[in-house]
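Here is what each chain is made of, one letter per residue.
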Amino acid sequence: MALPEDWLSRLLALVPVRGRLDIYCSYGAPWRIDQARAAVGEMAFHALVAGSAVLEDPTGGPPLRLSAGDILLLPRREDHVLHDGSGAPAAPAHTRTGSNLLISENAGAGERLDMLCGHFVLARPQERLLGHRCREHGCP
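The sections below set out a description of the structure shown in this document. (Residues numbered from 1 in each chain as written. Predicted model: local features only at pLDDT ≥ 70, side-chain atom pairs only at ≥ 80, totals over all residues. Heavy atoms only, no water.)

1. Description of the nonpolar core
Phase 1 of the analysis: Within the largest apolar cluster, 17 residues are counted, with the highest numbers of intra-cluster contacts made by C25, W31, I33, L82 and M115.
Phase 2 of the analysis: Excluding residues within four positions of it along the chain, I33 makes contact with C25, Y27, H80, V81, L82 and M115.
Phase 3 of the analysis: Core analysis: the next-biggest nonpolar cluster, separate from the first, contains five residues, M43, F45, F120 and L122 among them. (Core = buried A, V, L, I, M, F, W, Y, C linked by side-chain atoms within 4.5 Å. Buried < 20%, exposed > 50% of the residue type's maximum accessible area, 1.4 Å probe, protein only. Contact = heavy atoms within 4.5 Å.)

2. Quick word on the sheet that holds strand β6 (residues 71-74)
Phase 1 of the analysis: Taken in spatial order, the six strands line up as β6-β3-β10-β1-β9-β8 in an open sheet, and their pairing is mixed. Strands with a single pairing partner mark the edges of an open sheet, and in this sheet they are β6 and β8 (93-97). Taken over all neighbouring pairs, the strand axes of this sheet differ in orientation by 20° on average, direction set aside. (Pairing = 2+ DSSP bridges. Helix = DSSP H or I, 4+ residues; strand = E, 2+ residues; numbered from the N terminus. Axes fitted to C-alpha atoms, helices over the stretch in contact; angles between N-to-C directions.)

3. Details of the side chain of S52
Phase 1 of the analysis: Locating S52 in the fold gives a position in strand β4 (residues 52-56).
Phase 2 of the analysis: At 2.9 Å, the side chain of S52 and the side chain of R65 are in polar contact.
Phase 3 of the analysis: For S52, the side chain forms a polar contact with the side chain of E111, separated by 3.3 Å. (Polar contact = N/O pair within 3.5 Å; in protein donor to acceptor, adjacent residues only side chain to side chain.)

As structure tokens, then:
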């Protein structure tokens, strides 16, 4: 018996994309990530491997709590903030080069977060399906 197809699988079948893994975050609380908007034709993603995170809703809604196994996909290219939820100032992070990607770490002693962050890159014609070009350049 075949499993029902989820929305992400259906989207990826309609819209050819390439994925790019940008950085692996390994933080102890307190931590905070302020991420700038994605480039035109790109969608940021965050995959929580361990721990939890709070997304400050870029559209002004209530914060969203994420936990291990969650994948956050931001198709509208918004600036966004992820943090540990403690309200404490973030421990300084440093970045080093791993074998295939950047690794960002801090010395926070609180709850651990392991997260993969990257972008899905859409082919030029398909980016219109998500409204990127309309918001950037206006559509007839």
